[in-house]
Protein chains: 2
Amino acid sequence: MVFIGIDVGGTKIACGVTDEEGVILSRVSTGTLAHRPFAAVVRDMADAALEALAQSGHEIADVGAVGVGIPGVAENVNGTVIFCTNLGWENVPLRRELNRYIDKPVFIDNDATLAGLAESVAGVSRGAASSVFITLGTGVGGGIILNGRPWAGAQGAASELGHMTLCIDGVPCSCGKKGCLERYCSATALIRMGREAAAEHPDSLILTMAGGEPDNINGKIVVDAARQGDPAALSVFDRYTTYLALAVNNVVTFLDPEVIVLGGGVSQAGAFLADAVREKVPGLLLFKALSFGRLELAVLGNEAGIIGAAMLGRLMRGGETL
Amino acid sequence: MVFIGIDVGGTKIACGVTDEEGVILSRVSTGTLAHRPFAAVVRDMADAALEALAQSGHEIADVGAVGVGIPGVAENVNGTVIFCTNLGWENVPLRRELNRYIDKPVFIDNDATLAGLAESVAGVSRGAASSVFITLGTGVGGGIILNGRPWAGAQGAASELGHMTLCIDGVPCSCGKKGCLERYCSATALIRMGREAAAEHPDSLILTMAGGEPDNINGKIVVDAARQGDPAALSVFDRYTTYLALAVNNVVTFLDPEVIVLGGGVSQAGAFLADAVREKVPGLLLFKALSFGRLELAVLGNEAGIIGAAMLGRLMRGGETL
């Protein structure tokens, strides 16, 4: 039996077929062109999925289920996408529409949650009874996997780690609150701190590496300048990893998972990032004599979307619910 | 079949026998006298439990299991209490010691977690697939119940909500961090804010109700003064419930449970408290169009300890693990 995984992004839809272990057998991508009507987007989604199926050498009878990851909130009773801001979707019947082209069980979940599921099936948290995935990108997303299954929450709105309050009266957030975690731990936050440091220290390597142009400063530049020992960059990196350690500690204090996985753009800083956070978390723990599980970097990269969606289909087709 | 529930506190050990639904059939209490050796405390615990059993009209053959709630961290592989600061216990073999007197399966968990379990079996969150219990006492504790079972975490250290960071560089906490949630949401925090307000507004009803003595100010006085419309007390109550709403929103943002239960001393403020928090949470939600489950007040009071411990025994004796 094989599974179709569909990873819907704001610009690209990535479809793939996997085996039961989440190994990708084939993949086909298509543009999202999100301004189009919902039905048109879903038709292209189905076309790409069926093309990937053909390329895998399997046929529709071999497909166990279809999983779809979206940057939003979904529910799996009716298979509806409740919100998907990037695509302008609100309460759209994705399962029903997709079933017009592919008559198989369809299940939908948040993309960060599915990336976490992918890592727990075929990646760095494989075999762990519990894991929490934290994506460090433009914002901060999360995926909670308990007993091998994604935890969606009662309204499908769980694991939005980026919008937990980390600082009362802190940095204003686009969600309307202040001090949301993603204002301190996202790539956006790292860049903001890097630009502030460069403005304060014009002789910093951060600005040199950005060609003297503050707008060119990105997360990689800040991390690379810190790696090279630039004092201003090191100070930013120290603050950023302190915030990230507080975020990790909050996850530990709440759920005490076996593994915490860092993914998303900033996680490409690799061991330099992970080691800094690993060093800071123990001092924050409530029970200093206990460990805090493993802190790991995501290993599946862009493949996590397809794998996680396909594995959602595998998990859910049995009709089990969380 | 009946179950023995033992609720171990710093000053009192409450033992009870319940039926399979968590209805208490009998109960016997004894002093903890925590300064004594561990073995002496456990012997009294067993004596009280067996006396409760006799009073219930049942005998040892009717007992399915024994559950014990402790103000600390435990693990159920060997039945060890890892930490229990109030009692000075560290890595003590509670199951083994208790089995010297009662030869039944023994399971141990944190008392706030078990209060949450009690509410989910026989109280306000009965029937909910997921709930998070928040105790508002001297500190802030938590209990996470998912699919009817307590979530202990990989190291048994989960649901310590009081020590999640709510404010970077905030009020220093006894745990060594700054800005822990319990520095804003505990009874202790409410009293601290009440005393500060009374010092600033000596004409406030808070001070009058405390007989002019700042040291007499407690949480009930602050709440009662607010209820009577005292401006200084209302301002404190507004700040306190804003912090509590941020804490509730963090729980929703993370786990999106079906029910959030407020327990502990401050929850005795009743609907006055719950309504204020219910009013504030919707404005904090990331997905404003979604609900956030039900916010409820605990209903089992002091009985929650015995009921939760007994129901832990009922859940765990089947050998199921979370």
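Residues numbered from 1 in each chain as written. Chains lettered and ligands numbered in written order. Predicted model: local features only at pLDDT ≥ 70, side-chain atom pairs only at ≥ 80, totals over all residues. Heavy atoms only, no water.

Engineer: Can you lay out the overall build of chain A for me, pointing to particular residues and giving the numbers?
Structural biologist: Of the regular secondary structure elements, chain A holds 10 helices and 13 strands. Scaling as 2.2 N^0.38, a compact globule of 322 residues should have a C-alpha radius of gyration of about 20 Å, and chain A matches this with 20 Å. C-alpha extents for chain A along the principal axes are approximately 60 × 45 × 35 Å. By residue count, 61% of the 322 residues in chain A fall in the buried class. Restricting to contacts in chain A with at least 6 residues of sequence separation, those with at least 24 account for 62%. Accessible surface, chain A: about 12100 Å² in total, of which carbon and sulfur atoms supply 50%. (Helix = DSSP H or I, 4+ residues; strand = E, 2+ residues; numbered from the N terminus. Rg over C-alpha atoms; globule rule 2.2 N^0.38 Å. Buried < 20%, exposed > 50% of the residue type's maximum accessible area, 1.4 Å probe, protein only. Contact = heavy atoms within 4.5 Å. Areas by Shrake-Rupley, 256 points an atom, 1.4 Å probe, with all protein chains shown as cover.)

Engineer: Give me the lowdown on the pairing of strand S3 (residues 24-31) of chain B, citing residues and values where you can.
Structural biologist: Residue and element names in this part refer to chain B. As paired strands, strand S2 (residues 12-18) and S3 are joined by 7 bridges and run antiparallel to one another. Bridge pairing in S3 places Thr18 opposite Ile24. Counted along the chain from S2 to the antiparallel partner S3, the turn is 5 residues long, and its residue Gly22 has a positive phi close to 90°. (Pairing = 2+ DSSP bridges.)

Engineer: Can you tell me about the packing of aromatic side chains, naming the residues and giving the values?
Structural biologist: Residues and elements named next belong to chain A. Per the counting criterion, the structure on display carries 9 aromatic pairs over all chains. With a centroid separation of 5.1 Å and 75° between ring planes, the pair formed by Tyr184 and Tyr243 is classed as edge-to-face. Here the residue Tyr184 occupies a position in helix H4 (residues 182-185), and Tyr243 occupies one in helix H8 (residues 231-255), the gap between them amounting to 59 residues. Here Tyr184 falls in the buried class, since its relative accessible area comes to 6%. (Phe/Tyr/Trp six-rings, centres within 6.5 Å; stacked < 30°, edge-to-face > 60°.)

Engineer: Talk me through H8 of chain A; I want residue IDs and the actual numbers.
Structural biologist: All names here are of chain A. Between its terminal C-alpha atoms H8 stretches 36 Å, which fits the 36 Å expected from 25 residues at 1.5 Å a residue. Taken across its 25 residues, H8 has 19 buried, putting it largely inside the fold. In the stretch just after H8, Asp256 is the one whose phi turns positive, near 45°. (Expected span 1.5 Å × (residues − 1).)

Engineer: If you had to explain the sheet that holds strand S4 (residues 63-70) of chain B to someone new, which residues and values would you point to?
Structural biologist: Residues and elements named next belong to chain B. Spatially, the 5 strands line up as an open sheet ordered S3-S2-S1-S4-S8, and their pairing is mixed. What marks the edges here is a single partner per strand, and that holds for S3 and strand S8 (106-110). On average, each strand axis in the sheet is inclined to that of its neighbour by 20°, with strand direction left out of account. Inspection of the sheet shows strand S1 (residues 2-8) paired to S2 by 6 bridges, in the antiparallel sense. Across the sheet, the residue bridging to Phe3 is Thr18, located in S2. Across the sheet, helix H1 (residues 38-56) is in contact with S1, S2, S3 and S4; its angle to S3 comes to roughly 150°. The sheet strands contacting helix H3 (residues 111-122) are S1, S4 and S8, and the helix crosses S8 at an angle near 100°. (Axes fitted to C-alpha atoms, helices over the stretch in contact; angles between N-to-C directions.)

Engineer: Tell me about unusual backbone geometry, and please be specific about residues and values.
Structural biologist: Residue and element names in this part refer to chain B. Even without being glycine, Asp169 reaches a positive phi, approximately 60°. Position of Asp169 relative to the elements: it lies in the loop between strand S11 (149-150) and helix H4 (182-185). Phi angles above zero are rare outside glycine, and Asp256 is one such case at about 45°. Following the sequence through the fold, Asp256 ends up in the loop between helix H8 (231-255) and strand S12 (259-263). On the accessibility criterion, Asp256 (0% relative accessible area) is buried.

Engineer: Go over the side chain of Thr113 of chain A, please, and point to the residues and values.
Structural biologist: Inspection of the secondary structure puts Thr113 of chain A in helix H3 (residues 111-122). In contact with Thr113 of chain A, other than residues within four places in its own chain, are Gly142, Gly143, Ile145, Pro150 and Ser159 of chain A.

Engineer: Go over the relation of the copies chain B and chain A with me, naming the residues and quoting the values.
Structural biologist: Mapping chain B onto chain A calls for a screw motion: a turn of 180° about the axis and a shift of 0.0 Å along it, with 0.1 Å RMSD after fitting. Each copy turns onto its partner about a two-fold axis. Closest approach to the rotation axis among the C-alpha atoms of chain B is made by Cys167 of chain B, whose C-alpha sits 1.9 Å away. In this assembly the copies share their binding face: 100% of the residues contributing to the interface of chain B also contribute to that of chain A. (Least-squares fit on C-alpha atoms with pLDDT ≥ 70 in both.)

Engineer: Tell me what's going on with the nonpolar core, and back it up with residues and numbers.
Structural biologist: One broad rule of soluble globular proteins: the nonpolar side chains tend to lie buried together. Ranked by size, the top nonpolar core spans 119 residues in total, and within it Ile134 and Leu255 of chain A together with Ile134, Val248 and Leu255 of chain B carry the most contacts. Discounting chain neighbours no more than four positions away, the residues touching Val248 of chain B are Ile134, Ile260, Leu262, Val277, Val281, Phe292 and Leu295 of chain B. Grouped together as the second largest cluster of nonpolar side chains are 33 residues, Val28, Ala34, Met45 and Leu94 of chain B included. (Core = buried A, V, L, I, M, F, W, Y, C linked by side-chain atoms within 4.5 Å.)

Engineer: Go over the domain arrangement of chain A, please, and point to the residues and values.
Structural biologist: Residue and element names in this part refer to chain A. What the domain assignment reports for chain A is domain 1 (2-119 + 302-316) and domain 2 (127-298). Averaged C-alpha coordinates put domain 1 and domain 2 at centres separated by 28 Å. Taken together, the 14 residues of domain 1 in the interface contact 17 residues of domain 2. Between domain 1 and domain 2 lies a buried interface of about 1100 Å² when both sides are counted; carbon and sulfur atoms form 64% of it. If you sort the residues of domain 1 by the area they bury against domain 2, Thr113, Glu119 and Leu315 come out on top, with a joint share of 38%. Seen at the junction of domain 1 and domain 2, the total is 0 salt bridges. Applying the counting rule to domain 1 against domain 2 returns 1 residue pair in polar contact (both at pLDDT 80 or more). Looking at which element gives the most residues to the side of domain 1 that touches domain 2, the answer is H3, with 6 residues. (Domains from an automatic or database assignment. Buried area = accessible area lost by both parts, 1.4 Å probe. Salt bridge = Lys/Arg side-chain N within 4 Å of Asp/Glu carboxyl O. Polar contact = N/O pair within 3.5 Å; in protein donor to acceptor, adjacent residues only side chain to side chain.)

Engineer: Can you explain the interface of chain B and chain A? Please cite residues and give values.
Structural biologist: Each partner contributes to the interface: chain B provides 49 residues, whereas chain A provides 49 residues. Between chain B and chain A, roughly 4300 Å² of surface is buried when both sides are summed, and carbon and sulfur atoms account for 69% of that area. On the surface where chain B and chain A come into contact, there are 0 salt bridges. Linking chain B with chain A are 28 residue pairs in polar contact (both at pLDDT 80 or more). Secondary-structure elements contributing two or more residues to the side of chain B that touches chain A are strand S6 (80-84), strand S10 (140-146) and H8 of chain B. Considering each element in turn, the side of chain B that touches chain A owes the most residues, 9 residues, to H8 of chain B. Class assignment of the residues belonging to the side of chain B that touches chain A gives a composition of 31 nonpolar, 13 polar and 5 charged. (Nonpolar A, V, L, I, M, F, W, Y, C, P; charged D, E, K, R; others polar.)

Engineer: Which residues make up H3 of chain B, and what values go with them?
Structural biologist: All names here are of chain B. The end-to-end C-alpha distance of H3 is 16 Å, a good match for the 16 Å that 12 residues give at a rise of 1.5 Å each. Burial analysis of H3 places 10 of its 12 residues in the buried class, the great majority of the element. Considered for burial, the residues of H3 that qualify are Ala112, Thr113, Leu114, Ala115, Gly116, Leu117, Ala118, Glu119, Ser120 and Val121. One side-chain oxygen of the residue at the start of H3 lies 2.9 Å from the amide nitrogen of Ala112, identifying that residue as Asn110.

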